[in-house]
Amino acid sequence: MNNTADKFITLSLRLITYAIVVVIGYILFDIIKNGISALNWQFVSTFPRRSGAEGGIFPAIVGTFYLVVGTIAICLPLGIGGAIYLAEYADQGKFNSLIRLAIITLAGVPSIVFGLFGLGIFVLFCGFGPSIMAGSLTLACMVLPTIIVASEESLRAVPKGFRDASLALGATKWEMIRTNILPYSLSGMITGSILGIGRAAGETAPILLTVAAFYLPRLPKSVFDQVMALPYHLYILATQHPEADRIRNMQYGTALILLLLVLGLSLGAILIRTHFRKKFRW
Amino acid sequence: MVEHSIYPKDMEMVITTNQVNFYYGPTQALFDISLLIPAKHVTALIGPSGCGKSTFLRCLNRMNDTIPHSRVIGNIFINQKNIYAPGTDVVELRKEVGMVFQKSNPFPKSIFDNVAYGPRIHGEKDHNRLTEIVEQSLQQAAIWDEVKDRLHANAMGLSGGQQQRLCIARALAVGPKILLMDEPASALDPKSTTRIEDLIGELRNNYTIVIVTHNMQQAARVSDYTAFFYEGQLIECDATPKIFTNPRQKQTEDYITGRFG
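This one's a predicted model, so the numbers in the text were calculated from it and none came from an experiment.

Engineer: So what's going on with the side chain of N64 of chain B? Residues and values would help.
Structural biologist: Residue and element names in this part refer to chain B. By secondary structure assignment, the location of N64 is in the loop between α1 (53-59) and β4 (70-78). Accessibility expressed as a relative area gives 1% for N64, which makes it buried. A distance of 3.0 Å separates a polar side-chain atom of N64 from the backbone oxygen of T55. Setting aside residues no more than four positions away along its own chain, N64 makes contact with F22, Y24, T55, R58, C59 and S70.

Engineer: How would you sum up the sheet that holds strand β6 (residues 97-100) of chain B? Please name residues and give values.
Structural biologist: Residues and elements named next belong to chain B. Taken together, the 6 strands give an open sheet; going across it, the order is β6-β7-β8-β3-β9-β10, and neighbouring strands pair in mixed fashion. Both outer strands of the open sheet, β6 and β10 (233-239), are each paired with one neighbouring strand and no more. Here the average twist between neighbouring strands, direction ignored, is 15°. Of the pairings in the sheet, the one linking strand β3 (residues 42-46) to strand β9 (residues 225-230) comprises 4 bridges and is parallel in character. Bridge assignment links A44 to a residue of β9, and that residue is T226. On top of the sheet, helix α6 (residues 160-172) reaches β6 and β7 (178-182); it is set at about 170° to β6, its chief contact.

Engineer: Which residues make up the layout of surface pockets, and what are the values?
Structural biologist: In this structure, the largest pocket encloses a volume near 850 Å³. E88 and K173 of chain A together with T66, I67 and P68 of chain B are, among the 26 residues lining the largest pocket, the residues nearest its centre. Those elements that place two or more of their residues in the lining of the largest pocket are α3 (58-89), α7 (160-168) and α8 (173-201) of chain A together with α2 (90-96) of chain B. Sorting elements by how many residues they give to the lining of the largest pocket places α7 of chain A first, with 4 residues.

Engineer: Before we move on, can you summarise the packing of aromatic side chains with the specific residues and values?
Structural biologist: Taken as a whole, this structure holds 13 aromatic pairs over all chains when the rule is applied. Where F65 of chain A meets Y66 of chain A, the ring centres are 6.2 Å apart and the plane angle is 50°; that geometry is what we call tilted. Given a relative accessible area of 35%, Y66 of chain A falls into the partly exposed group. Looking at R71 of chain B, its charged tip hangs above the ring of Y23 of chain B, at a distance of 4.4 Å from the centre. Above the face of the F107 of chain B ring, R170 of chain B is positioned so that its terminal group lies 4.3 Å from the ring centre.

Engineer: So what's going on with the packing of α8 of chain A against helix α11 (residues 248-279) of chain A? Which residues, and what values?
Structural biologist: Residues and elements named next belong to chain A. The interhelical angle for the contact between α8 and α11, taken along N-to-C directions, is 175°, at an axis separation of 9 Å. One element, α8, and the other, α11, form an angle in the roughly antiparallel class. Residues P183, S187, I190, T191, I194, L195, G198 and A201 of α8 lie in contact with α11, whose contacting residues are L258, L261, V262, L265, S266, A269, I272, R273 and F276. Partitioned by chemical class, the residues of the contact of α8 with α11 number 12 nonpolar, 4 polar and 1 charged.

Engineer: How would you summarise the side chain of E183 of chain B if you had to cite specific residues and measurements?
Structural biologist: Position of E183 of chain B relative to the elements: it lies in the loop between β7 and α7 (190-203). No salt bridge is formed by the buried E183 of chain B, whose closest oppositely charged neighbour, K53 of chain B, lies at an N-O distance of 4.5 Å.

Engineer: Got a sec to walk through the environment of H152 of chain B? Specific residues and values, please.
Structural biologist: Residue and element names in this part refer to chain B. Secondary-structure assignment places H152 in the loop between α5 (144-147) and α6. Separated by 41 residues in the primary sequence, H152 and I111 place their C-alpha atoms 5.9 Å from one another. Excluding anything up to four places from it in sequence, H152 contacts S110 and F112.

Engineer: Just give me the short version of the nonpolar core, but keep the residues and values in it.
Structural biologist: Counting residues in hydrophobic clusters, the biggest one holds 61 residues, and the most contacted among them are I15, L45, I76 and F229 of chain B. Residues V115, L158, L199 and I256 of chain B belong to the second largest nonpolar core, which totals 43 residues.

Engineer: An account of empty space enclosed by the protein is requested, with residue identities and associated values reported.
Structural biologist: In this structure the tally under the stated criterion is 2 cavities of 30 Å³ or more. In this structure, the second largest cavity encloses a volume near 40 Å³. Lining the second largest cavity we find A165 and L169 of chain A together with M99, F101, N105, C167, R170 and A171 of chain B. Of the residues forming the lining of the second largest cavity, the biggest block, 3 residues, is contributed by α6 of chain B.

Engineer: Outline the confidence of the model for chain B, listing residues and values.
Structural biologist: In this model, chain B carries an average pLDDT of 91, and 98% of its residues clear a pLDDT of 70 or more. The ipTM value of the predicted complex is 0.89, and its pTM value is 0.81.

Engineer: Run through α7 of chain A, naming residues and quoting values.
Structural biologist: Residues and elements named next belong to chain A. Taking burial as the measure, the 9 residues of α7 include 7 buried ones, the bulk of the element. Along α7, the positions that sit buried rather than exposed are F162, R163, D164, A165, S166, L167 and A168. Where α7 terminates, the next one or two residues include G170, which has phi positive at roughly 95°.

What counts, and at which threshold
Residues numbered from 1 in each chain as written. Chains lettered and ligands numbered in written order. Predicted model: local features only at pLDDT ≥ 70, side-chain atom pairs only at ≥ 80, totals over all residues. Heavy atoms only, no water. Helix = DSSP H or I, 4+ residues; strand = E, 2+ residues; numbered from the N terminus. Buried < 20%, exposed > 50% of the residue type's maximum accessible area, 1.4 Å probe, protein only. Polar contact = N/O pair within 3.5 Å; in protein donor to acceptor, adjacent residues only side chain to side chain. Contact = heavy atoms within 4.5 Å. Pairing = 2+ DSSP bridges. Axes fitted to C-alpha atoms, helices over the stretch in contact; angles between N-to-C directions. 1 Å grid on protein atoms, 1.4 Å probe; cavity = no way out; pocket = protein on both sides within 12 Å on 5 of 7 lines; lining within 4 Å. Points joined across faces, edges and corners; volume = space filled by probe spheres on them. Phe/Tyr/Trp six-rings, centres within 6.5 Å; stacked < 30°, edge-to-face > 60°. Lys NZ or Arg CZ within 6 Å of the ring centre and 35° of its normal. Parallel < 35°, antiparallel > 145°, perpendicular 65-115°, else oblique. Nonpolar A, V, L, I, M, F, W, Y, C, P; charged D, E, K, R; others polar. Lys, Arg positive; Asp, Glu negative; His and termini not counted. Salt bridge = Lys/Arg side-chain N within 4 Å of Asp/Glu carboxyl O. Core = buried A, V, L, I, M, F, W, Y, C linked by side-chain atoms within 4.5 Å. pLDDT = per-residue confidence, 0-100.

Next comes the structure, spelled out in structure tokens:
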């Protein structure tokens, strides 16, 4: 009887897991099947024509790339710095719990609220206008919780023995962190961060109000220029375009490129992790 | 109770503790510990788990500073300097007083980089000088012959006993006068334990060693003086043969004859 029950549970859990894979597989299959026909050199290297019904999506790719780079540049130092403080320096008291609560809350804020926040603070109050600067800052706020949590976990994963040994050899706290904590936790931090940023790269709501342009005839010249971006371009093509029904291949092609970009980021994260895992093993 | 009488008259004392009390938050872990530790001898701290011997050891290089809400009341003098006086440079103290931990904890770096770690953070950059220190330290820790051909291999590839001797070499590389050992052989097999004990026997010629051990035979084998701790109190300290043959306190006798602990 017990054996049968066990088999039943095993089978059920397996089917549930397979179901998840099937859903992901179907999404990938659908996008690839319909998008592959749109993919060619012209599609990724030229500007859109007729509001995106023809031509390529080059400026949107460039725009999303800039936004990702900008977000990384802002949130990585902030997130890692914050995590080091929380994991290594902060007293584990009430104030610390409050900071943690704030971070968890921040992670649960809907992305459109981040968009509105970015509009209010960075676009209007700081006067950046709709720009790469404002968009990157907004996206950075959004991924900050992910980065802090991932970084803190990987800092805490460094064995206590390394800390004790460093201190006992006369290292100061910062020397200990710099020489015997950060080198081992950096890969985990970067991996977690890239996965978070990968998600942000596909977000529409935060950039909608802070940076994204429907169409721009030229590439941005500074961080205070607007850019086109893949998720927003896709949103326009799929829902706002007068010819939405007739340009399915353009929509799928854009989706496929966005997907490849995010997968590329995740793959990069995995490569970094394996590289460091081989280097430091304990 | 500072017991001068147990030591020969002209013996040099390196560590003097004077009524040391230690608290983890509201819990008192050490009560009025007054102990003298002689230079270039091995002093063993024994007692049942939770008796405070490790806590006391970790007071001697202020490793307990890292524990939140912990407090020390009392004085510990090392070379006539009060190490808990305000303005004490903890880095300098830990250069003087090295420590070896229960669980061997080499860094996931090369054998060379492990030993060179201490000298490097203290500003030694000259490669020849570092090479010299590394060789000397590894030789002192009796592991040179085993690793001299693979100094740049990862230290994690060494066996448990080798790792512990590497950690001793790493501690010696900083040039301490005093070596604190917190159950250095408790996680090792008998053969590796013997090697560590032999090593302690050699090091005692040049270093003052304080060793915490659970293993009474080990205390009897390696130490010159033994201090028995029980429930945060120092019950008795005497020459090791005396403690193990003719202790003055009933509790000591009960413990060493295996009646508790």
